[in-house]
Amino acid sequence: MCVYVVFVSPRDLEEALEMGMDWSLREGYSWAEDKEHCEEYGRMLQADPSKVSSRAKKRGLPQVNGLLCRKPLFLAKIF
């Protein structure tokens, strides 16, 4: 498996928190069958992203930017 770096904006992070694995699928960073191997199929419906502090989001953004992506990317979003 190759590793690709994904660059996301703070807005992307908000969407990822809200949509979970569906965000990754929409952006082309994963395959639908990947959801079968994630807890709660990659999305906690009861989760409330507004409860995540801005400090936690700031700390988490570099982690999302270093996302390990199974699917080959030809263009990376750079913000």
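Keep in mind it's a predicted model, so treat the numbers as computed, not measured.

Draft legend 1. Quick look at the nonpolar core. With eight residues, the main nonpolar core is built from Val8, Leu13, Ala16, Met19, Trp23, Tyr29, Leu61 and Val64. Contributing elements (two or more residues each) for this core: α1 (10-19) and α3 (54-65). Here this core takes three residues from α1, the largest share from any one element.

Draft legend 2. Representation of unusual backbone geometry. Look at Glu40: it is not a glycine, yet its phi comes out positive at around 50 degrees. Mapped onto the secondary structure, Glu40 falls in the loop between α2 (21-27) and α3. Judged by relative accessible area, Glu40 falls into the partly exposed class, the value being 45%. Positive phi outside glycine occurs at Tyr41, with the angle close to 55 degrees. Since its relative accessible area comes to 55%, Tyr41 is described here as exposed.

Draft legend 3. Summary view of the side chain of Ser24. Here Ser24 shows up in helix α2. Judged by relative accessible area, which is 11%, Ser24 ranks as buried. Within the structure, Ser24 has its side chain in polar contact with the side chain of Ser30 (distance 2.9 Å). The residues touching Ser24, leaving out its near neighbours within four places in the chain, are Tyr29 and Ser30.

Draft legend 4. Structural detail: the pattern of salt bridges. Taken as a whole and assessed by the stated rule, the structure comprises six salt bridges. Between Arg26 and Glu15 there is a salt bridge whose closest N-O contact spans 2.4 Å. Of this pair, Arg26 sits in helix α2 while Glu15 sits in helix α1, and the two are 11 residues apart along the sequence. A relative accessible area of 46% places Arg26 in the partly exposed class. Here Lys35 makes a salt bridge to Asp22, at a shortest N to O gap of 2.8 Å.

Draft legend 5. Quick peek at the side chain of Lys57. If you trace the backbone, Lys57 turns up in helix α3. A distance of 2.7 Å separates a polar atom in the side chain of Lys57 from a polar atom in the side chain of Glu14. With residues up to four places along the chain from it excluded, the contact list for Lys57 reads Leu13, Glu14, Leu17, Pro49 and Val52.

Draft legend 6. Highlighting the environment of Glu27. Tracing the backbone through its elements, the reader meets Glu27 in helix α2. Here the alpha-carbon distance between Glu27 and Asp12, two residues 15 residues apart in the chain, equals 9.8 Å. A distance of 2.9 Å separates polar atoms of two side chains, one belonging to Glu27 and the other to Arg26.

Criteria and thresholds
- Residues numbered from 1 in each chain as written.
- Predicted model: local features only at pLDDT ≥ 70, side-chain atom pairs only at ≥ 80, totals over all residues.
- Heavy atoms only, no water.
- Core = buried A, V, L, I, M, F, W, Y, C linked by side-chain atoms within 4.5 Å.
- Buried < 20%, exposed > 50% of the residue type's maximum accessible area, 1.4 Å probe, protein only.
- Helix = DSSP H or I, 4+ residues; strand = E, 2+ residues; numbered from the N terminus.
- Polar contact = N/O pair within 3.5 Å; in protein donor to acceptor, adjacent residues only side chain to side chain.
- Contact = heavy atoms within 4.5 Å.
- Salt bridge = Lys/Arg side-chain N within 4 Å of Asp/Glu carboxyl O.

By themselves, these observations are geometric and do not establish any function.
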